[in-house]
Amino acid sequence: MFQLRSYQTESADKAVEFLTSPGDENGLLVLPTGSGKSLVIAEIVSRLPGPCLVFQPSKEILEQNLAKFRAYGFSPAIFSASCGKRQVGKITRATIGSVRTKPELFQHVRYVIIDEAHLLGVKPVGTKRHPRDTMFMQFLKAMPGVRILGLTATPYRLSNDGFGGSILKFLTRTRPRVFSQVVHVVQNGDLFKDGYLARLDYKQVKTGFRSDRLRLNSTGADYTDESVRNHFRELNFSDQIVRCVNRLHDLGRRGALVFTRFVEEAEYVARRVPGASIVTAETPKGEREEIIAGFRAGAIPVVANVGVLILGFDYPALANVILARPTCSLALFYQMVGRAIRPHPSKESAFIIDMVGLVEKFGKVEDLVLNPGEHGKWFVSSNGRPLTNVYFGEPRNRWTQKPKTEMAMA
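Residues numbered from 1 in each chain as written. Predicted model: local features only at pLDDT ≥ 70, side-chain atom pairs only at ≥ 80, totals over all residues. Heavy atoms only, no water.

Trainee: Talk me through the overall build of the protein chain; I want residue IDs and the actual numbers.
Mentor: Scanning the protein chain for helices and strands turns up twelve helices and 20 strands. The buried share of the protein chain, reckoned over its 410 residues, is 56%. By sequence separation, contacts in the protein chain at least 24 residues apart represent 72% of the contacts at least 6 residues apart. (Helix = DSSP H or I, 4+ residues; strand = E, 2+ residues; numbered from the N terminus. Buried < 20%, exposed > 50% of the residue type's maximum accessible area, 1.4 Å probe, protein only. Contact = heavy atoms within 4.5 Å.)

The structure is reproduced here in structure tokens:
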């Protein structure tokens, strides 16, 4: 049995109180990366009086967190095709892709807990389906009467304002609005102050990068590939990434995780840096696991990755992250930095090497604050600067008025 920290116990208390109280609203529990979210989930489930279904975003995270559940003295059923198991029990841990067409198997469930809840309601990439038609929404619609609690470190989503601009919105203010109530919040700054998270040492590298040289894509959610590639070509950006990696090596900093935008950049780093490897969405599962194991063991000094190793990659000893991927997404920035946020005896601090101006855009992770505005309208700020309902990219129609500062609380 794990000894819970005070904030973990308080989070579990608030969650159980919400789930066992009458009502039909869905709640949101906000716990920062590195706060022990899996332990809190296990504690919540151990105290619930009825059958519970816990969703994990992937097979890897499901398996990674299973040990914490077993430490509480129970072995949950696993319903995940990727794990080769289709079990249903009083406590069932599942991936949505495996159960989405089988809600009839879970009509006995009284409580649903959704890990990484910010992923719920997101339109699948490359599809024309409306967010309400996503797998989660279909499944939950067939489960009337259950109490639903989502957990996330990033309770916000980048949205298109309708004019081509990118605006960050709190999850309780997005459409479809799956979660309407914030049950409890643990602030990043408190965990850093109390020593539960590693000290972050930000290094901003002058590369000549300018976000105003980039164009937003059709959704307004990020930059176009073409504009990023053109700007990177102007800057000889791949060579700058290699120099940055080599500089870390010269400083005696071992083990660097590089976040790149394109596969060609990652491949260039792997060719130019001895011993480096790359991981992409196309990397076969077995090869990816071998690379990650070698990286953790110190046999692979650098991993350049594209679109993976962002969510749920748990490697506390990681002390060097290179941000070479521009983005309008605060959540993506937070998750990339979060890979090095966990403390470990082998590191005094983690280097966050920013090559694309993300710290200037969003602020430091430890300075992010979730604020309860009027009438439950939560908003996000950094050192008093509002980040929600303000533009991270210009709207195409220049005549459109930007939101005023006070609108950030909406």
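Trainee: Could you give me a rundown of the environment of tyrosine 111, with the residues and numbers involved?
Mentor: Mapped onto the elements, tyrosine 111 comes out in strand β6 (residues 111–115). Take tyrosine 111: its relative accessible area is 2%, and that puts it in the buried class. For the pair tyrosine 111 and proline 51, spaced 60 residues apart in the sequence, the C-alpha separation amounts to 6.6 Å. Those residues within four positions of tyrosine 111 in sequence are excluded, and the remaining contacts are Leu19, Thr20, Leu48, Pro49, Gly50, Pro51, Cys52, Leu53 and Arg147.

Trainee: I'd love a proper account of the packing of helix α8 (residues 237–250) against helix α9 (residues 263–272), names of residues and values included.
Mentor: In the contact formed by α8 and α9, the axes pass within 9 Å of each other and the chain directions differ by 45 degrees. Accordingly, the angle class assigned to the pair α8 and α9 is oblique. Judged by the twist between their axes, the crossing of α8 over α9 is right-handed. Contacts between α8 and α9 pair Ser238, Asp239, Ile241 and Val242 from the former with Glu265, Tyr268, Val269 and Arg272 from the latter. Tallied by class, residues from the contact of α8 with α9 come to four nonpolar, one polar and three charged. (Axes fitted to C-alpha atoms, helices over the stretch in contact; angles between N-to-C directions. Parallel < 35°, antiparallel > 145°, perpendicular 65-115°, else oblique. Left-handed = near helix turned anticlockwise from the far one by under 90°. Nonpolar A, V, L, I, M, F, W, Y, C, P; charged D, E, K, R; others polar.)

Trainee: So what's going on with the pattern of salt bridges? Which residues, and what values?
Mentor: Per the stated rule, a full pass over the model turns up 13 salt bridges. Across the salt bridge formed by arginine 47 and glutamate 43, the nearest N and O atoms sit 3.0 Å from each other. Separated by four residues within a single helix, arginine 47 and glutamate 43 lie in helix α2 (residues 37–47), roughly one turn from each other. For arginine 47, a relative accessible area of 34% translates into the label partly exposed. Put simply, arginine 229 and glutamate 264 hold a salt bridge, and the shortest N to O gap is 2.6 Å. (Salt bridge = Lys/Arg side-chain N within 4 Å of Asp/Glu carboxyl O.)

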